[in-house]
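Listed below, chain by chain, are the residues.
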Amino acid sequence: MSDKDVHTTVAEAYTGALERSREQTATGCCGGANDAPVSQTAALAGYGEEAAVHEDAAASSFGCGNPLAFAGVQKGDTVLDLGAGAGFDLLIAADRVGPEGHVIGIDMTDAMIDAARENAAKAGFSNVDARKGLIEDLPVDDASVDWVISNCVINLSPEKDRVFAEIHRVLRPGGAFAISDIVVEDLPAWIREHTQAYVACVAGAISESDYVAGLCSAGLDGVEVTDRLVYSADQIKGMLAGDFANLGLDPSTLDADISEVDGKVWSAKFTGRRKD
Ligand SMILES: C[S@@+](CC[C@H](N)C(=O)[O-])C[C@H]1O[C@@H](n2cnc3c(N)ncnc32)[C@H](O)[C@@H]1O
């Protein structure tokens, strides 16, 4: 797939996932783990009472951790969320920065931008700015933000080094980042090659050491992995959205096939800063 095709495929997948999450909320159905590209269980990992306070946005969350749980965001800060989706983390950031701060969310999917704007308006925030754009070419000024956060998005980018360079460009000197993302080690070819596994945040993911090296090469400083959540084979099955016919897997060997990736996929939390 060309980079443009990757963006189109991912945007279509997340438009559909958003619609399904809303239908489930509207019908009171509590499903979702096997219908969304990323399990709702994983999406809510690390969120406490915020999920109840911002219930609608939380129901359309497709993350793999809570970047604001390990970001030292202060009142008055400007926070930028890469791949903000329906805006759950934007609302939590807006609670943290207060009315004197600013929150910017970037997403390439129209439906996600509309949902984020709607959720911010419903929550009464006028300082949340959801902008349509690519994380590889951020519509954000140089050296203008205190924090970059991101939740389960950079793995979906076909040009991760450009994203890392953009993080460095938009941070003010001294500004920091808190990123929760999926990383992998030695994935078998059948997962690497499948589109469904790509949109499910697995096939496009890189190794933790390549991720750290990419952030460092972009000039970011003090890059560290502060936490990891390793997924079990069952959780990976959930992430791959249930339709194993599409993955070309034989149901009779499914458990054995999935067991090949046991322990090879995890969510990692990355922090660091722009020194100068
Ligand atoms: C797995 S979802 C995560 C959404 C959100 N961070 C959350 O925690 O709910 C990935 C989001 O990233 C967006 N996205 C993926 N690749 C992107 C890119 N290259 N540029 C901008 N947005 C992108 C998708 O449209 C989708 O909303």
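(A) Structural detail: the site of the ligand. Surveying the vicinity of the ligand reveals 27 residues, the closest of which are Gly 63, Gly 83, Gly 85, Met 108 and Thr 109. Those elements giving two or more residues to the shell around the ligand turn out to be α1 (3–26), α5 (88–97) and β2 (102–107). Of the residues forming the shell around the ligand, the biggest block, 4 residues, is contributed by α1. Per-class residue counts for the shell around the ligand are 16 nonpolar, 8 polar and 3 charged.

(B) How the structure looks around the nonpolar core. Core analysis: the biggest nonpolar cluster contains 79 residues, and Ala 93, Trp 147, Val 148 and Val 202 have the highest contact counts within it. It is strand β5 (residues 171–184) that contributes the most residues to this core, 8 residues altogether. With sequence-adjacent residues up to four places away left out, Val 148 is seen in contact with Leu 80, Leu 82, Ile 167, Val 170, Leu 171 and Phe 177.

(C) Region of the structure containing the environment of Met 112. Position of Met 112 relative to the elements: it lies in helix α6 (residues 110–122). For the pair Met 112 and Thr 15, spaced 97 residues apart in sequence, the C-alpha separation works out to 7.1 Å. Beyond its immediate stretch of four places on either side in the chain, Met 112 contacts Tyr 14, Leu 18, Gly 85, Ala 86 and Asp 107.

(D) Representation of the sheet that holds strand β1 (residues 78–82). The mixed open sheet is built from 7 strands, whose spatial order is β3-β2-β1-β4-β5-β7-β6. With partners counted over all chains shown, the strands left at the sheet margins are β3 (128–132) and β6 (221–230), one partner each. Averaged over all pairs of adjacent strands, the angle between strand axes in this sheet comes to 15 degrees, irrespective of strand direction. Bridge count between β1 and strand β4 (residues 145–151): 4 bridges; the pairing is parallel. Each residue of the ladder has a partner; that of Val 79, found in β4, is Trp 147.

Rules of the game
- Residues numbered from 1 in each chain as written.
- Predicted model: local features only at pLDDT ≥ 70, side-chain atom pairs only at ≥ 80, totals over all residues.
- Near = placed C-beta within 6 Å.
- Helix = DSSP H or I, 4+ residues; strand = E, 2+ residues; numbered from the N terminus.
- Nonpolar A, V, L, I, M, F, W, Y, C, P; charged D, E, K, R; others polar.
- Core = buried A, V, L, I, M, F, W, Y, C linked by C-beta atoms within 7 Å.
- Buried ≥ 20, exposed ≤ 12 C-beta atoms within 10 Å, placed from the backbone.
- Contact = placed C-beta atoms within 7 Å.
- Pairing = 2+ DSSP bridges.
- Axes fitted to C-alpha atoms, helices over the stretch in contact; angles between N-to-C directions.

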